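Coordinate analysis (summary)
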Amino acid sequence: MTTATLPPGPPSPRFLQGLFSLLAPMRGMRRMRDRYGDAFSVNVPVFGRATVISAPAQVRQLFTAAPDVVENVEPNLGRVLGPGSLFALTGAEHRKQRKLLVPPFHGRRLAAYEEIIEEEAVREMASWPQDQAFATLPSMMRITLNAILRAVFGAEGAEFARLRTLLPSAVALGSRLAVLPLPKVDLGRWSPWGRFWIARREYDAIVEKLISKAEQDDLDRRDDVLALLLQSRYEDGSRMSHGEIADQLLTLLVAGHETTATTLAWAVERLRRRPDLLGELVAENDAGGHALREATILEVQRTRPVIDLVGRKVTADVFDLGPWVLPKGSTVLVGISLIHDDESIFPNPRAFDPHRFLDAKPDLHQWIPFGGGTRRCVGAAFATMEMNVTLRTLLRDFTLVPTAERDERWHSRGVANAPAKGGLAVVRRRRSPASPPATVTAEARP
Ligand code: HEM
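Residues numbered from 1 in each chain as written. Predicted model: local features only at pLDDT ≥ 70, side-chain atom pairs only at ≥ 80, totals over all residues. Heavy atoms only, no water.

For the protein, the name recorded in an unreviewed UniProt entry is Cytochrome P450, with Actinoallomurus oryzae as its organism.

Structural data, given as structure tokens:
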């Protein structure tokens, strides 16, 4: 029998380690890396005992390991997002669903969604106060929610209006419930699970309406993800069931809404602290360019990755990961901010310097805000396009007033790590928002 060899880690109890990781998400990780090296063991709520890695070779090895060696961790998300959710599936079933979900987010498809994003950004920014500090995160949340409802769900009219109010509260409730046991009886409105199920039933009914509307339309003329999924076929020629479509749309919303919004709020936070860079970006934007803006998005995600950990579970009897021997059932977490903070990969790693990505596209095993391997984020290109169009609109229509204030701290919102003050901005309008949009179709997307 092979003996497990695990890296060292702090001896403190699980709740203390958990509390620390909630209160100081980034600082906690960096402190442990400095103390124990680039692999260490932790014991935290939700994941339990786990090995955190950040050495590039080990991260690459984990991301390229076959699904019969490591699989996704299963943090009970199926109970909230539905059994068909990509997050809840493993093995062949995951591969089968993913095959249908990837094509709608392919780079060349994204041009169809740019107009929606720009419209939503212009509409939201029209309400921004001038010369007065305000948190941009709520605005970014509305832009990304509306964008997903229109581009992914193909929703409009009454269904759009209802989903906009129903989903944010249902998702917030669901993410709290995901870690609690299922009750034996349904107490309806009297219990949190009961309230969640009522919201879920209403959601399913709305998706059913959206599907029947789409089926009455000419599907070929529609670009939204719902219409594309309705036309897609599994390898055996069968279609996705309506239940599977409802689960996947909810998954896309949960995965794509808050993550993109918090990254945009971080972009505002970062840029206000670099007036020189802001000047360069505005000049580039005014001249119709985009290379520095794209590099800026990469650098925001390197320095402020909103998801800090992605996890895998060992499914083989043992997994030899670098010098470590991990037994079956072990959880491995990739420390995204740790690898992004590695001096040997990104010289002067704490500096916010988009120029490092101007002539060099990142290595996708080292720049990993979207995770990696067979579970890498399906919406990465969509999110990149969305951030690009939103930032372009902001720089075109507003002057973002720089600040000498201290950096905003990391704040854990459960799903994503956000700037603690919500990405405070002070803006002045540069011009009326009525000019025709330029296109970013040809821009690079990682
Ligand atoms: C800046 C924005 C975003 C960030 C930082 C982000 C990050 C991530 C990460 C870290 C993972 C886990 C990857 C892994 O385990 O290796 C993931 C998975 C996923 N993301 Fe995103 N994401 C973003 C936007 C989006 C958007 C816009 C969508 C869709 C509209 C989306 C859909 C998904 C889905 C469906 C998965 C599960 C993939 C699977 O299990 O096969 N994400 N994302």
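An α-helical turn contains 3.6 residues, so any two residues separated by three or four positions project in the same direction. Its 18 residues give helix α15 (residues 380-397) an end-to-end C-alpha distance of 26 Å, which sits within 8% of 26 Å, the value for a rise of 1.5 Å per residue. In terms of burial, α15 is largely enclosed, as 18 of its 18 residues are buried. (Helix = DSSP H or I, 4+ residues; strand = E, 2+ residues; numbered from the N terminus. Expected span 1.5 Å × (residues − 1). Buried < 20%, exposed > 50% of the residue type's maximum accessible area, 1.4 Å probe, protein only.)

Donor atoms from the protein around the iron atom of the ligand number only one, C377 (SG), found at 2.3 Å. Mapping C377 onto the fold places it in the loop between α14 (336-340) and α15. (Donors = N, O, S within 2.8 Å, 3.2 Å for Na, K, Ca; no water.)

The next subject is the pattern of salt bridges. All told, the structure shown has 31 salt bridges when counted by the stated rule. With a closest N to O distance of 2.3 Å, K99 and E235 form a salt bridge. Here the residue K99 occupies a position in helix α5 (residues 91-101), and E235 occupies one in the loop between α10 (225-231) and α11 (242-271), the gap between them amounting to 136 residues. For the pair formed by K99 and E235, the shared burial category is exposed. With a shortest N-O distance of 2.8 Å, E299 and R302 are connected by a salt bridge. Of this pair, E299 and R302 both sit in helix α13 (residues 291-303), three residues apart, roughly one helical turn. Taking relative accessible area as the criterion, E299 reaches 0% and is therefore assigned buried. Overall, R302 belongs to the buried group, its relative accessible area being 2%. Among the charged side chains, a network of salt bridges with common partners joins R30, R33, D34, D341 and R350. (Salt bridge = Lys/Arg side-chain N within 4 Å of Asp/Glu carboxyl O.)

Here the structure, examined in full by the defined rule, presents ten aromatic pairs. Relative to F382, the ring of F105 has its centre 5.8 Å away and its plane inclined at 90°; by these criteria the two rings are edge-to-face. Within this pair, whereas F105 is found in the loop between α5 and α6 (111-125), its partner F382 is found in helix α15, the two being separated by 277 residues in sequence. Per residue, the accessibility class of F105 equals that of F382, and both read buried. In textbook terms, an aromatic cluster arises when at least three aromatic residues are bridged by ring pairs, as seen for F105, Y113 and F382. Note that K96 overlies the ring of Y234, its terminal NZ or CZ placed 4.3 Å from the centroid. Across from the ring centre of F346, 5.1 Å away, lies the NZ or CZ of R302, which sits over that ring. (Phe/Tyr/Trp six-rings, centres within 6.5 Å; stacked < 30°, edge-to-face > 60°. Lys NZ or Arg CZ within 6 Å of the ring centre and 35° of its normal.)

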